[in-house]
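Coordinate analysis (summary)
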Amino acid sequence: MAGASAQRRAAQIAAGIQGDNQLVVEGVSKRFGGVTAVQDVALEVPRGSIVSIIGPNGAGKTSLLNMISGFYKPDTGRVVLDGTDITHRKPSEIARLGIARTFQNIALFSGLTVLDNLMLGRHVRMKAGVLSSVIYWGMAQKEDIEHREAVEEIIEFLKLQDLRKLPTAALAYGLRKRVELGRALALDPKILFYDEPSAGLDPVTSAEIDQLILDLTRKLGVTSVVVTHEMDSAFTIADRMVMLDKGRVLRVDTRESFNALRKTPEADTPRLSEDDRLIRQFLRGDAQGPITERKAATNYAEAPNNDGGVAYGPNGVLFLARYPNLKVEIEATDRVIDLVHERMDLA
């Protein structure tokens, strides 16, 4: 994140020099035994953009991320970063080239401090040899100072100053999510992949993570690819959305186009393609839809907005925060949960 490279990327985006495809995925597929996890997926990620990848559980979202970051090798197709084919590179090599990621399940060293966890993220940028590192001399000493300065910038950006010397095991879940994001930023990435960054978070913390992603992309020039179940988040931050289902891409489009599809009246659905009907069902969270379980688990309710569509928010907390024009009265959280149960026929 720190240094001239991040500043150059931010300056390019501020000047409008974006739109070229920084990452291109060409027809990648992955099978595990008799199961096809990803099927002939093609994807383009413009430089300086935020792309949200959505879809039900088992759609192949995380498998796709694992292939891009080198943890899985695709059976077919290739992955190209800034014109370089990285399909068969090792994860460490891909990280050096500028791809970093967070994980759905937090993978921090719980016994280490916040500062130490972030310093570990700098390892791919370290060049000093073993001997000089052991005796802390010469290049090793100079590198350590430079890397600590970079990490301190990240700590300040993420507002973790008061927690820098605490072990991550002592932190609340939302703060550990923030530390994991910091460790990914310590790699000084060109592209940052987020795997369910809002999973398990309360609505306020989730909104804070959304704002961090926006700031990283708009201010620092870090291209963002966000895998999420949270439609509220996707419609808030995404420039482009990708819908996956059963390992294949159903649609790649702007959030405005996805929103228009979500608002399609029931009477007009026969005119839609089979894929678009599935997408509409997913976005609306219909009782028979693929995100019923997720939506009920997060106590989502819905309310009509002033243009006749539908807006979603967990426990009513973000209704007015993100949709100030909503005309909806929510007396208590219990009533919102009742609405969810009525909607999902769970009561």
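For the structure given in this document, a descriptive report is provided here. As the structure is a computational prediction, the values presented were derived from the model and not from experiment. (Residues numbered from 1 in each chain as written. Predicted model: local features only at pLDDT ≥ 70, side-chain atom pairs only at ≥ 80, totals over all residues. Heavy atoms only, no water.)

1. Looking at the pairing of strand β2 (residues 35–46)
Bridge count between strand β1 (residues 21–32) and β2: eight bridges; the pairing is antiparallel. Counted as the bridge partner of phenylalanine 32 is valine 35 from β2. Between β1 and β2, which pair antiparallel one after the other, the connecting turn spans two residues, and glycine 33 there sits at a positive phi close to 65°. (Pairing = 2+ DSSP bridges. Helix = DSSP H or I, 4+ residues; strand = E, 2+ residues; numbered from the N terminus.)

2. Here's the deal with unusual backbone geometry
If you check the backbone angles, aspartate 82 has positive phi at about 50° while not being a glycine. Mapped onto the elements, aspartate 82 comes out in the loop between β4 (76–81) and β5 (84–85). Even without being glycine, lysine 159 reaches a positive phi, approximately 60°. Among the secondary structure elements, lysine 159 is positioned in the loop between α6 (139–157) and α7 (173–185).

3. Comments concerning the pattern of salt bridges
For the structure on display, the rule yields 17 salt bridges. A salt bridge links glutamate 266 to arginine 280; its shortest N-O distance comes to 3.3 Å. With glutamate 266 in the loop between α10 (255–262) and α11 (274–284) and arginine 280 in helix α11, this residue pair connects regions lying 14 residues apart in the sequence. Note on glutamate 266: relative accessible area 55%, which makes it exposed. (Salt bridge = Lys/Arg side-chain N within 4 Å of Asp/Glu carboxyl O. Buried < 20%, exposed > 50% of the residue type's maximum accessible area, 1.4 Å probe, protein only.)

4. Let's talk about the sheet that holds strand β8 (residues 223–227)
Spatially, the six strands line up as an open sheet ordered β6-β7-β8-β3-β9-β10, and their pairing is mixed. Strand pairing shows two members of the sheet lacking a second neighbour, β6 (99–101) and β10 (248–254), which therefore form its edges. Averaged over neighbouring strand pairs, the angle between their axes works out to 20° when direction is ignored. Relative to strand β9 (residues 240–245), strand β3 (residues 50–54) runs parallel, the two sharing four bridges. In the strand pairing of β9, isoleucine 53 is matched with valine 242. Against the sheet, helix α8 (residues 203–218) contacts β3, β7 (191–195) and β8, and its axis sits at roughly 140° relative to β3. (Axes fitted to C-alpha atoms, helices over the stretch in contact; angles between N-to-C directions. Contact = heavy atoms within 4.5 Å.)

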